[in-house]
Amino acid sequence: MEIVVCIKPVPEAETRLRVAPGGATLDAEGVKFVLAGYDESALEQALLLKEALAGSKVHAISFGPAPRTEEVLRAAVALGADLATWVESPSGSAVDPIQVARALAGAIAAIPHDLVLCGKQAGDDEAGLVPSALGELLALPDFGSVVDLRWDPVTARFKFLRSTDAGGERWEAATPCVIGLQQAWNDPRTAKLPNILKSRKAAIAKHPAGPDLPGARSEPQGFELPAPRTGARLIEYKSPQEAAQTLVRILREEAKVFP
Amino acid sequence: MADFSLSAEQESLRDLARKFARTEMAPHAAECDRTPRFPEEIYRKAFDLGLMNLNVPVDYGGSGLGVFEACLIVEELAHACGGMTTSVIANCLALEPILLGGTPEQKDRFLKPFCAEYNLASFCLTEPSGGSDAGSLKTRARREGDHYILDGEKCFITNAPHASLYTVFATIDPALKTKGITAFVVPRSAVGLSTGKDEEKMGHRASSTSTVRFEGVSVPVADRLGEEGAGFSMAMRTLDQTRTPIGALATGIAQAALDHAAAYSLKRQSFGKPISEHQAIQIKLANMAQSVHAARLLTWHAAWTIDRGAKGTLESSIAKCFASDAALHVADEAIQTFGGYGYMKEYPVEKLLRDAKLTQIYEGANEIQRTVIARELLRQYA
Amino acid sequence: MTGPILIVGEVQNGHLSGPTLEAISVARSLGGSPSSLVGFVAGHDSRSTALEFGRFGVSHVWVARDPTLDSAPIAALALYIAAAATKAGAETILVGGTTLGRDLMGRLAIRWNAAVATGVTEVRRDGAALQVRRPIFGGRATETRRLDGAHVALALRPHAFPAPLDAPVDPVIEDLPSVPLPAAWLAPRRTGTETSAEGAGPSLGDASIVVSGGRGVRTAENFQLVEELAAALGAAVGASRAVTDAGWRPSSYQVGQTGRSVSPQLYLAVGISGAIQHLVGMLSSRVIVAINSDASAPIFRVADYGIVGDLFQIVPALTAEVRRVRAL
């Protein structure tokens, strides 16, 4: 099975966010970029499928600027991806997730793909637009918020649970399709040191992003950080009962969140 | 041209070590220290990820890293737990004599099967009657035909109770002093080899330390490293290679102490404000930061010197000595920053002081380091 | 951009869902007169829900009765929605803060050539365009985006908007002509649905109150304390990764970086220290309450209210107090 995994470099969770000059975006200066959390699960899922299905290949693909994009691709190779394609971001300008999906779709269309796996969203912009846009662009069915993805060799179909607000939906789908993974019920592996060293020498294919298409688009105008939290108002009490009564009273009368 | 930036490869190695340290080691550090417990499952994972036999070339199944990369990794590991780090890197020390003095046949025979699986090795130099005075060791090796018979006792041997391989330094004739010292590779299975009880230590309690006794242990001549009498220089060259990572280990402990102290100072209130706003604490933190920074740069410089092919005795001695003193000082100041809480075992900083102390003692006590530094220094003026 | 606004109706228990009502609120706040508010609902038996749109001032409702939609992938639904938008001459499509809303946006962006945004918490007109605000980085920042183009589609963030007041109109209800669906899209089969764990209480995604337990709960059995409090509050139950890693509760409970992101009105963190990986999954909650024995736990830095104390004493007392108050 030819498995394409779309991955994105995002600032590591511990990053102290700062506003870039101009005020519209994150200041990426000095920020350490890592593989996005859901994408890491998606890659792990791809590797598990590859290990279960002899002859499979995992092709990691990422859109973005140097050096962070190349770095997450090398990280994917160190984890076990067989091939890596870097869709070069045309400029440093902030991009619309739909433009990203168009660029990725252009690259994916040119390579074999029985399954296109993505994280359901990235931890930075939290847009979650790429999986369904890829589905439309590649004319494939797509499924977002998927957990528990399995391949059934007997029916030659994927079986999975799509997490919804009301619970979940069980699905079966044949290849090719696009899956946005919410949580692989897996524990993403850690790359081994020798594989990290090997990944430094791996070939990364480059694919041009194509022109930025005119038309509908979204453009960032502001990036704001919340006022620093002052810390919790601690409830003083002499007994657990008093603590409970005080909290319930505050939630009802002040915060007004009690049903 | 000096360049202090890390390459992408070096960064990714450091990231690996940091992730392992944070997710696998740190959560168990307090428990392994308190119990104490030798967390073999963690060491196995370290091996699986390639974090164990760092200095062994890839051809023999190791990671084939230079000293600089090893230092980056060791600092990150030690940030989580000094004791576990000592056990993880003990193989580097124990296998270095084979790398330095072994024939290609010996390297093939000893290193390949050893590195193919999780195995621990111990470096057996120190004896009950002396560590720093390595030239006067008492363990004897008597030649009998195509074998040597080893008799004697080694002490403070890291990982000894769990090791499957020992590199042993013994003398063929005490009268020859350093020129009689000879190195051997001895498997755990050798008849007459036994290890003592696990020592109860002040720090590095996740590591295991014991005596190793040799009672008529027969070692084939084929398992001798180098010529008779070549052992002393092999041991010293080994320590030249491994001293710098001890500087990195100490730096990791010092950085952890600074991190704890700075974070605590921001949330601990006194006189109506966080103690970080008191100048007394600010000066403390500033001094700690200077020590940590200097320790790291000295370590990096020594590692860089050695990786360029120089012996680096002066540089590595300075790095090890300074960083270990810094670790003790910074851990001490971290406890002071925490006040009474710092003295309590419930908080993480008192362990750092206990762990830091060993870095001044092992792999060449700081007194010896200073002797070496002075000797190298005065040579330039003579 | 003042043309008609299409609101995609989702049905829950036979009624328009809470998130759909929030979408109607937003449509009305954008200055839409009843004549410019258009509803969409799918399903072969959707007349009653179509009528419900009228209660909140939506004057025209398009109904997609194609029975294949009941079990088809979202791609098929997106086709019908785009068809309805075209019929209605809509310039804007609004969907509630649900999984569906998010999954529709990428499709509509391409199929309907729309500028799109998800997880929107504020919308206002900006000349010919729409300006939206949305929390990003797990609620650690908020971005403002300008959506330019002839078409805009938005998926909202749950609980970010009020329910609309009644403004009854008698809606025109029209069936959409059937749209040919590519065979490939109909091949995948929905083989079943599952409701949230034990079927009790709301799910994490749409609950207005979430009670989560962490490492401080200590054992799988003790986790019941968290569930009892949640039951008393009518809340969904969440957990930190420590709990799911330990196997005390399944991974589906996990709130955080690699689990669910939630943004309820009230988030109660019980025995959770507040690692950043957890915080990014719940920081955008409106009110955060922490109960933890360690006063220095990071959770207290992000919480609005805190109780420092033994959760094994505080939580049962709190459950009892909630039951008492709700029984009044």
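What counts and how
Residues numbered from 1 in each chain as written. Chains lettered and ligands numbered in written order. Predicted model: local features only at pLDDT ≥ 70, side-chain atom pairs only at ≥ 80, totals over all residues. Heavy atoms only, no water. Helix = DSSP H or I, 4+ residues; strand = E, 2+ residues; numbered from the N terminus. Rg over C-alpha atoms; globule rule 2.2 N^0.38 Å. Buried < 20%, exposed > 50% of the residue type's maximum accessible area, 1.4 Å probe, protein only. Contact = heavy atoms within 4.5 Å. Areas by Shrake-Rupley, 256 points an atom, 1.4 Å probe, with all protein chains shown as cover. Lys, Arg positive; Asp, Glu negative; His and termini not counted. Charge placed at Lys NZ, Arg CZ, Asp CG, Glu CD. Disulfide = S-S within 2.5 Å. Axes fitted to C-alpha atoms, helices over the stretch in contact; angles between N-to-C directions. Parallel < 35°, antiparallel > 145°, perpendicular 65-115°, else oblique. Nonpolar A, V, L, I, M, F, W, Y, C, P; charged D, E, K, R; others polar. Phe/Tyr/Trp six-rings, centres within 6.5 Å; stacked < 30°, edge-to-face > 60°. Lys NZ or Arg CZ within 6 Å of the ring centre and 35° of its normal. Expected span 1.5 Å × (residues − 1). Core = buried A, V, L, I, M, F, W, Y, C linked by side-chain atoms within 4.5 Å. Buried area = accessible area lost by both parts, 1.4 Å probe. Salt bridge = Lys/Arg side-chain N within 4 Å of Asp/Glu carboxyl O. Pairing = 2+ DSSP bridges. Left-handed = near helix turned anticlockwise from the far one by under 90°. Domains from an automatic or database assignment. Polar contact = N/O pair within 3.5 Å; in protein donor to acceptor, adjacent residues only side chain to side chain.

Quick word on the overall build of chain B
Next up, step 1: When you go through chain B residue by residue, the secondary structure sums to 11 helices and 10 strands.
Next up, step 2: In summary, chain B has a C-alpha radius of gyration of 21 Å against a globular reference of 21 Å for 382 residues, a match within 12%.
Next up, step 3: Seen through its principal axes, chain B has C-alpha atoms that stretch 80 × 50 × 40 Å.
Next up, step 4: Within the span of chain B, comprising 382 residues, buried residues form 55% of the whole.
Next up, step 5: Within chain B, residue pairs in contact and separated by at least 24 positions form 75% of the contacts whose partners lie at least 6 positions apart.
Next up, step 6: When the accessible area of chain B is evaluated, it comes to approximately 16,200 Å², of which 56% is carbon and sulfur surface.
Next up, step 7: Side chains of chain B give 41 positive and 46 negative charges; the mean places of these two sets differ by 3 Å.

What about the state of the cysteines?
Residue and element names in this part refer to chain B.
Next up, step 1: Tallying each qualifying case throughout the model produces 0 disulfides over all chains.
Next up, step 2: Among the cysteines around Cys-92, which has no disulfide bond, Cys-115 carries the closest sulfur, lying 9.6 Å off.
Next up, step 3: The cysteine Cys-321 is free of any disulfide, with Cys-71 supplying the nearest cysteine sulfur at 16 Å.

As for the packing of helix α3 (residues 67–80) of chain B against helix α4 (residues 82–101) of chain B
Residues and elements named next belong to chain B.
Next up, step 1: Where α3 contacts α4, the two axes come as close as 6 Å, and the packing angle between them is 140°. Overall, the two elements α3 and α4 adopt an arrangement that is oblique. Across the interface between the two elements, Val-74, Leu-77 and Ala-78 from α3 touch Gly-82, Thr-85, Val-88 and Ile-89 from α4.
Next up, step 2: Here the contact of α3 with α4 is built from residues that sort into 5 nonpolar, 2 polar and no charged.

A closer look at the packing of aromatic side chains
Next up, step 1: The final tally for this structure, using the stated rule, is 13 aromatic pairs over all chains.
Next up, step 2: Taking 5.1 Å as the distance between ring centres and 55° as the angle between the ring planes, the aromatic pair formed by A:Phe143 and A:Trp171 counts as tilted. A residue pair is termed long-range when its members are at least 10 positions apart, and A:Phe143 in strand β7 (residues 142–152) and A:Trp171 in strand β9 (residues 167–173) qualify at 28 residues. Take A:Phe143 and A:Trp171: they sit in the same class, and that class is buried.
Next up, step 3: For the pair B:Phe47 and B:Tyr118, a centre-to-centre distance of 6.4 Å together with 70° between the ring planes defines the contact as edge-to-face. Of this pair, B:Phe47 sits in helix α2 (residues 40–48) while B:Tyr118 is found in the loop between α5 (104–116) and β1 (121–124), placing the two residues 71 residues apart along the sequence. Take B:Phe47 and B:Tyr118: they sit in the same class, and that class is buried.
Next up, step 4: Each member of the aromatic cluster is reached from another via a ring pair, and the members are B:Tyr264, B:Phe338, B:Tyr341 and B:Tyr347.
Next up, step 5: The lysine or arginine in question, A:Arg68, covers the ring of A:Phe33, its NZ or CZ lying 3.8 Å from the ring centre.

Considerations on helix α7 (residues 279–307) of chain B
Next up, step 1: The terminal C-alpha atoms of α7(B) lie 42 Å apart, and with 29 residues this matches the ideal 42 Å at 1.5 Å per residue to within 8%.
Next up, step 2: Phi turns positive, to about 100°, at B:Gly309, one or two residues after α7(B).

Things to note about the environment of B:Ile253
Next up, step 1: Tracing the chain through its elements places B:Ile253 in helix α6 (residues 231–267).
Next up, step 2: Spatially, the C-alpha atoms of B:Ile253 and B:Ile368 are 22 Å apart, while their sequence positions differ by 115 residues.

Here we look at the nonpolar core
Next up, step 1: Counting residues in hydrophobic clusters, the biggest one holds 127 residues, and the most contacted among them are A:Leu117 and B:Leu150.
Next up, step 2: The leading source of residues in this core is α6(B), at 11 residues.
Next up, step 3: Ignoring anything within four residues of it in the chain, the contact list for A:Leu117 reads A:Ile3, A:Val4, A:Val5, A:Cys6, A:Ala42, A:Gln45, A:Ala46, A:Leu149, A:Ile179 and A:Leu181.

Let's talk about the interface of chain C and chain A
Next up, step 1: In this assembly, 97 residues from chain C lie in contact with 86 residues from chain A.
Next up, step 2: Roughly 7,600 Å² is buried in total at the junction of chain C and chain A, and carbon and sulfur atoms are behind 52% of that figure.
Next up, step 3: Summed over the shared surface of chain C and chain A, the result is 8 salt bridges.
Next up, step 4: The residue A:Glu136 makes a salt bridge to C:Arg107 at a minimum N-O spacing of 2.9 Å.

Section: the pattern of salt bridges
Next up, step 1: Under the definition given, this model contains 58 salt bridges over all chains.
Next up, step 2: A:Glu169 is the partner of C:Arg190 in a salt bridge, and the nearest nitrogen-oxygen pair spans 3.4 Å. Of this pair, C:Arg190 sits in strand β13 (residues 189–195) while A:Glu169 is found in strand β9, placing the two residues in two different chains.
Next up, step 3: Within this structure, B:Asp33, B:Glu200, B:Arg205, B:Glu350 and B:Arg354 form a network of salt bridges that share partners.

Some remarks on the sheet that holds strand β6 (residues 92–95) of chain C
Residues and elements named next belong to chain C.
Next up, step 1: With respect to topology, 7 strands assemble into an open sheet ordered β7-β11-β6-β1-β4-β5-β12, the strand pairing being parallel. Lying at the two open borders of the sheet, with one neighbouring strand each, are β7 (115–120) and β12 (172–175). Between one strand and the next, the sheet's axes are offset by a mean angle of 20°, whatever the strand orientation.
Next up, step 2: Helix α2 (residues 47–55) contacts β1 (5–8), β4 (37–42), β5 (60–64) and β12 of the sheet and is inclined by roughly 160° relative to β4.
Next up, step 3: The sheet contacts of helix α4 (residues 99–111) involve β1, β6, β7 and β11 (152–156), and relative to β11 the element is tilted by about 165°.

Brief notes about the pairing of β6(C)
Residues and elements named next belong to chain C.
Next up, step 1: Judged by which residues are buried, β6 turns out to be covered on both faces: Thr-92 and Leu-94 on one side and Ile-93 and Val-95 on the other are all buried.
Next up, step 2: One ladder, built from 3 bridges, connects β1 with β6; its direction is parallel. Following the sheet pairing, Leu-6 is matched in β6 by Ile-93.
Next up, step 3: Pairing of β6 with β11, which is carried by 4 bridges, proceeds in the parallel orientation. By the bridge assignment for β11, Ile-93 is matched with Ala-153.

Things to note about the packing of α3(B) against α6(B)
All names here are of chain B.
Next up, step 1: Interaxial distance between α3 and α6 falls to 7 Å at its minimum, and their mutual angle equals 35°. Where α3 crosses over α6, the handedness of that crossing is right-handed. For the pair α3 and α6, contact is made by Val-67, Cys-71, Val-74, Glu-75, Ala-78 and His-79 and by Gln-241, Thr-244, Pro-245, Ala-248, Leu-249, Thr-251, Gly-252, Ile-253, Gln-255, Ala-256 and Asp-259, respectively.
Next up, step 2: A breakdown of the residues in the contact of α3 with α6 according to their chemical character gives 9 nonpolar, 6 polar and 2 charged.

Brief notes about the sheet that holds strand β12 (residues 217–224) of chain A
Sheet strands line up and pair through hydrogen bonds in the backbone, either parallel or antiparallel.
Next up, step 1: In spatial order, the strands read β12(A)-β10(C)-β9(C)-β8(C); together these 4 strands make up an open sheet with antiparallel pairing. Unpaired on one side and paired on the other, β12 of chain A together with β8 (122–126) of chain C mark the two borders of the sheet. Each neighbouring strand pair of the sheet contributes to a mean axis angle of 25°, computed without reference to strand direction.
Next up, step 2: Pairing between β8(C) and strand β9 (residues 129–136) of chain C: 5 bridges, direction antiparallel. In the sheet register, C:Arg125 faces β9(C), and the bridge partner there is C:Leu130.

Re the side chain of B:Thr167
Residue and element names in this part refer to chain B.
Next up, step 1: Its place among the elements puts Thr-167 in strand β4 (residues 165–171).
Next up, step 2: Among the residues examined, Thr-167 registers a relative accessible area of 2% and is labelled buried.
Next up, step 3: Setting aside anything within four residues of it in sequence, one finds Thr-167 in contact with Ala-94, Pro-97, Ile-98, Ser-122, Phe-123, Cys-124, Phe-184, Val-185 and Leu-225.

Quick notes on the environment of A:Tyr38
Next up, step 1: Tracing the chain through its elements places A:Tyr38 in helix α1 (residues 37–52).
Next up, step 2: With a relative accessible area of 4%, A:Tyr38 lands in the buried category.
Next up, step 3: Setting aside its immediate chain neighbours within four residues, A:Tyr38 contacts A:Gly119, A:Lys120, A:Gln121, A:Leu181, A:Gln182, C:Gly256, C:Gln257, C:Thr258, C:Gly259 and C:Ser261.

Brief notes about the domain arrangement of chain B
All names here are of chain B.
Next up, step 1: When its domains are assigned, chain B resolves into domain 1 (8–116), domain 2 (121–227) and domain 3 (233–379).
Next up, step 2: Counting from both sides, the interface comprises 24 residues of domain 1 and, opposite them, 29 residues of domain 3.
Next up, step 3: Sorting the residues of domain 1 by area buried against domain 3 places Val-67, Phe-68 and Glu-75 first, and these three jointly supply 27% of that buried surface.
Next up, step 4: Seen at the junction of domain 1 and domain 3, the total is 2 salt bridges.

As for the domain arrangement of chain C
Note on interface size: it is often stated as the accessible area lost on association of the parts.
All names here are of chain C.
Next up, step 1: Domain annotation of chain C identifies domain 1 (5–186) and domain 2 (197–327).
Next up, step 2: One C-alpha centre belongs to domain 1, the other to domain 2, and the line joining them spans 32 Å.
Next up, step 3: Domain 1 puts 9 residues into the contact, and the matching count from domain 2 is 13 residues.
Next up, step 4: Both faces considered, domain 1 and domain 2 share a buried interface measuring about 790 Å² in area, 48% of it formed by carbon and sulfur atoms.
Next up, step 5: The interface formed by domain 1 and domain 2 includes 0 salt bridges.
Next up, step 6: Put simply, domain 1 and domain 2 have 4 residue pairs in polar contact (both at pLDDT 80 or more) between them.
Next up, step 7: Here the side of domain 1 that touches domain 2 is composed, by residue class, of 3 nonpolar, 4 polar and 2 charged.

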